[in-house]
Amino acid sequence: MSDTLLEIKDLKVHFPIRSKNLFGGVTKYVKAVDGVSFYIEKGETLGLVGESGSGKTTVGRSILRAIEPTAGKVTFNVDDETFDLSQLTDKEMRGFREHMQLIFQDPYSSLNPRMTVRDIIAEPLIAQKLATGDEVDERVREAAALCKLNLEFLRRFPHAFSGGQRQRIGIARALVSRPQFIVCDESVSALDVSIQAEILNLLMDLQAEFGFTYLFIAHDLSVVAHISKRVAVMYLGQLVELAPTKDLFYAPKHPYTEALMSAIPEVNPDQEMNPVHLDGEIPSPINPPSGCRFHTRCPYTQDNCKTDIPKWEEIEDNHFVACHFAKTLTLKGAEMPTSVDAN
Amino acid sequence: MTPTDLSPKETQAPINQMESEEAQRYYSATQFQLIWWRFRKHRLAQVGAIILITMAVIGLFAEFFGPYTGTTRVSDAVLVRPQAPQFCNDDGCTLRPFIPGVISERNPETLRMETKIDPSVRRDIYFFVEGEEYKLLGKFKTNIHFFGLKEGSIHLFGTDSLGRDIFSRVLLATRTSLSIGIFGVVIAFVLALVIGGVAGYFGGGLDYAIQRLTEIVRVIPVIPLYMGLAAAFPKEWSSTQVYFAMTLVLALVGWPTLARRIRGKLLSLRGEDYVIAANLAGAGPSRIIGRHLLPAFMSYIIVDLVISFPFMLLSETALSFVGLGLRPPTVSWGVLLQDAQTVRAIEQAPWLFIPAIFVVVAVLSFTVLGDGLRDAADPYQVSG
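Given the structure is predicted, the values throughout are model-derived calculations rather than measurements.

A word on the overall build of chain A. Helices and strands together make up the secondary structure of chain A, namely ten helices and twelve strands. Against the compact-globule benchmark of 20 Å for 343 residues, chain A has a radius of gyration of 21 Å, which places it among compact chains. Here the C-alpha coordinates of chain A stretch approximately 65 × 65 × 45 Å along the principal axes. By the burial criterion, 45% of the 343 residues in chain A qualify as buried. Intrachain contacts of chain A at a sequence separation of at least 6 include 65% that bridge at least 24 residues.

Set out below in C-alpha cells:
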C-alpha cells in the first residue's frame, strides 16, 4: 500500500483515575481507546462511527497528539517518508502540524472570542512561521474565499457570526496551512440540517480540488454514508467492523453494526421502523466486559463470546470484522433508499 | 491550492448585507472596547471610579492640597472644631470665601483650653498661597499650597489634641492607605500569578503540592497571624521599614485566594477547544499563554484585583487602629483613627472620626467599581 497516508497500529489511550483519598495513587484506567488499528489512503475519507463514549473523538485527537497516546504506532507519510508521530517530541511534532489539522465539533468554543477572524485563520501560518507579512493576509483571504466567507468580515470577531459561518471559519483555519490530512471531529453535528449539507458539500468540494484526506468522525450514519468511502465502527474503545461504505451499510457482518443500521430514521413516516433493541447502556470502559466486549448487549451472544476475544479478520475483500460468528450470521443492513423513491 | 479570484463579489455574503453601522461597529469591536461600552452603562461604578481617581490624585499631591504638613502643631488651636468656609457674615457677602477668627482661652472652671469663634474677625482664604515648604512628589521643592490663610490658621476638619490639622493629615493618610493597598494587592497578585499560574498550567504533582500549601495558608486564622507578624517587627524599625513590612504582611495573607482563582481559570481554559486548536495549529507554550490564556482571563484578574482592594484597606486600617500596623509618625487612616479610640474623643471631638468616612467611602467605591467591572468584564457572555 504505497499510497497509504496514515496508518495506526494497536493505538491505546488509557486515562488514569486517581483515587479520592489523600495519598492514593493511580488505581484504575479508563481504557478510552484499547487497541485500534486502521489505515487511511491518500485522498480518501474514512468514516468513524460509534455511540457516545465509544472513543471516536479520542482516536482522532490522539492521532494529532492533542491527547498523548499510551501505546501504539501512528505512522504518517510525508513526501514518501514515513514518520512515527507517537515517538516525536512536542517540538518535532509542531513541525508536522502544518500537514494535519482538526475541524472541531463545536463552532462556538473552538474559536477564540478575543481574536478577529483574520487572526484566527492566520494562527497556523503565524505560529509555525509558514508565511510572513503580506503573504499571511493573502493566504488567509484565499482560505476564507475557498470556504465562501465574505472577505469583508475578516476584521470582525467570532461573536458576529452564526454557527454555520463559524464552522466555515474553523474549516478555513484548518486548510490555510494546506494540510494533507484533516480530522473532522463531529464537525457538522452541532449544525442544523440545511447547514450540515452545505458544510458537507464544502468539505467534499475541497477534497475534490485539493485531494485532502479526511478522518470523518460522526454519530450520524447518513452523514457518514454521504461523505465516506470506507466506514469503521467503534464500540467501547475497539473497532468492531471496517468496510467500504456500501458493504457496511447494506451487508453488515457485526451484530452491533446491524443494530446501528436499524436505528437510521426513515424518511417515509409511514414506513414502520423495527430497530434492533440493545439492552442497557454501553458498559464502563474502566472494566470492559471479558471476551467480546459486545457480548453483554448482543442479541446473538453465545457462551464462548464471554471468554474468547474475537479476532480482527478480513472476511471479505477489504471487509474487516471482529466477531466469532461473522461468517455464519445473516444480518440485516440499512433499508435501500430506492424504497423511499417508490412512494 | 491555487489562488482564486478574491473579489468580494465572487464570494457569497453569508451575513445579511443590510446591517446598521452600529452592528458593524459592534462586530469588529475589540474586547476592551466591549468592556468599556458595557462599563459605561454602569453609572454607580463610574461614580466609584471617579471618587477613587480623585482620592488618588489628592493623595499623590497631599502636601499641595493640604494647607499644612502632617506634623505641624498649632499650639493655640487645640481641638478646634471643623471650620466651614463662609461667604457671608454680618458685614455682608463677598465672593472670596473666609473663615471667622478663633479665640483660644482657658475655661476658668474646668481649666481646659477651649476655642471660641470670634465672628468679628474675618480671615480670607486665598488660593495658591505661600505656606510651609515641602517637596512635591518628593522631588520639587516648593511652598505653594492650594489654599490657605495669610494670617491665623485654617482647619477644615478641625484639629486633634496636639493641634495638628486633621484635613492635611487625612490627605496624607489617603496616600499611605491607598498606596499600601496597591502595593499589597500588587505583591499578592504577583505571588498569586506565579504560584497559581504554575499550578494551573503544569498541573500534576506540582499542582497537588501547591494546593496543599495554599490550604495550609488559608486555614491559619487571620487575626492571630497578623498579630504575630506585626509583633515581629522590631521596635527600632523606621516607619518606612514598617510600611513595607506591612505591605508584605497583607500580601502574604492575601495571595492564596487569588492564586486559587487563577489556577482554576487556567485549568478550565487549558481544556477549551480554542486552546487545543492553537496547540494543533503548532503554537508553542509562550504563544498559547500570551495570545490565548492571558487575554482570556485578564478581565477576571482586573476584577479580582479591584475587589481585593477593600480587604487590604480594611486590614491595614484595622491593624493600625489596634496599634499593630503602622505607627506614628506615619499617617494612615487607621493611625488617625487611633486618636478616636477614647471616650473623651467621642464626647468632645467627634470630628476625629472624619478619617473613618474616608475609609467607608473608599471601600464602597472599590466595591461598586468592582461590581461594575465584573458585569462588564466578560463581554462574550450572553447577558440578559
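Still to come is the rest of the account.
Ile121, Ala172, Phe216 and Val233 of chain A are the most contacted members of the largest nonpolar core, which totals 171 residues. Counting residues per element, this core draws most heavily on helix α5 (residues 166–202) of chain B, at 13 residues. If we ignore the near neighbours within four places in the chain, the residues touching Ile121 of chain A are Val140, Ala143, Ala144, Ile169, Ala172, Arg173 and Val176 of chain A.

Further remarks concern the domain arrangement of chain A. Residue and element names in this part refer to chain A. For chain A, the domain assignment lists domain 1 (1–88 + 180–343) and domain 2 (113–179). The C-alpha-based centres of domain 1 and domain 2 are spaced at 30 Å. Of the residues lining the interface, eleven residues belong to domain 1; the matching set on domain 2 comes to ten residues. Residue assignment for the side of domain 1 that touches domain 2 shows that the elements contributing at least two residues are β7 (181–185) and α6 (193–210). A total of five residues in the side of domain 1 that touches domain 2 trace back to one element, the largest contributor, which is α6.

This part covers the packing of helix α10 (residues 285–321) of chain B against helix α13 (residues 354–377) of chain B. Residues and elements named next belong to chain B. Orientation of α10 relative to α13, taken along the N-to-C sense of each, is 165 degrees, at an axis distance of 8 Å. Classified by the angle between their axes, α10 and α13 sit roughly antiparallel to one another. Crossing of α10 against α13: the hand is left-handed. Counting all contacts with α10, which are made through Ser299, Tyr300, Ile302, Val303, Val306, Ile307, Phe309, Pro310, Leu313, Leu314 and Thr317, the residues of α13 involved are Val359, Ala362, Val363, Phe366, Thr367, Leu369, Gly370, Leu373, Arg374 and Ala377. Here the residues of the contact of α10 with α13 are counted per class, giving 16 nonpolar, four polar and one charged.

Residue and element names in this part refer to chain B. Along the chain, Val303 falls in helix α10. With 21 C-beta atoms packed within 10 Å, Val303 lands in the buried category. Measuring from C-alpha to C-alpha, the distance between Val303 and Ser268 comes to 18 Å, with 35 residues separating the pair along the chain. In contact with Val303, not counting residues within four places along its chain, are Gly370, Leu373, Arg374 and Ala377.

Next up on the list: the sheet that holds strand β9 (residues 230–235) of chain A. Strand pairing in a sheet is mediated by backbone hydrogen bonds. Such pairs are either parallel or antiparallel. All names here are of chain A. Ordered in space as β6-β7-β8-β3-β9-β10-β12-β11, the eight strands form an open sheet in which the pairing is mixed. Bordering the open sheet on either side are β6 (100–103) and β11 (313–316), each of which pairs with just one other strand. When the angles between neighbouring strand axes are averaged without regard to direction, this sheet yields 20 degrees. Looking at chain direction, β11 and strand β12 (residues 319–321) are connected through three bridges and run antiparallel. Bridging from a neighbouring strand, Glu316 pairs with His319 of β12.

What the domain assignment lists for chain B is domain 1 (50–56 + 169–377) and domain 2 (83–154). Averaged C-alpha coordinates put domain 1 of chain B and domain 2 of chain B at centres separated by 39 Å.

Residues and elements named next belong to chain A. Between the first and last C-alpha of α6 there are 26 Å, a value that for 18 residues agrees with the 26 Å anticipated at 1.5 Å per step. All buried positions along α6 are accounted for by Gln196, Ile199 and Leu203. Down the axis of α6, the buried side of the element spans an arc of 70 degrees, and every buried residue falls inside it. Relative to its buried face, α6 has exposed residues pointing more than 90 degrees away, namely Ser194, Asn201, Asp205, Ala208 and Glu209. Where α6 is buried, its residues meet α5 (163–175), β7, β8 (213–217) and α7 (221–227).

Let us look at the interface of chain B and chain A. At the junction of the two partners, chain B supplies 30 residues and chain A supplies 37 residues. Sorting the residues of the side of chain B that touches chain A by element identifies α9 (273–280) and α10 of chain B as the ones contributing at least two each. Classifying every residue of the side of chain B that touches chain A gives 18 nonpolar, nine polar and three charged.

Conventions and cut-offs
- Residues numbered from 1 in each chain as written.
- Chains lettered and ligands numbered in written order.
- Predicted model: local features only at pLDDT ≥ 70, side-chain atom pairs only at ≥ 80, totals over all residues.
- Helix = DSSP H or I, 4+ residues; strand = E, 2+ residues; numbered from the N terminus.
- Rg over C-alpha atoms; globule rule 2.2 N^0.38 Å.
- Buried ≥ 20, exposed ≤ 12 C-beta atoms within 10 Å, placed from the backbone.
- Contact = placed C-beta atoms within 7 Å.
- Core = buried A, V, L, I, M, F, W, Y, C linked by C-beta atoms within 7 Å.
- Domains from an automatic or database assignment.
- Axes fitted to C-alpha atoms, helices over the stretch in contact; angles between N-to-C directions.
- Parallel < 35°, antiparallel > 145°, perpendicular 65-115°, else oblique.
- Left-handed = near helix turned anticlockwise from the far one by under 90°.
- Nonpolar A, V, L, I, M, F, W, Y, C, P; charged D, E, K, R; others polar.
- Pairing = 2+ DSSP bridges.
- Expected span 1.5 Å × (residues − 1).
- Arc of directions from axis to C-beta.

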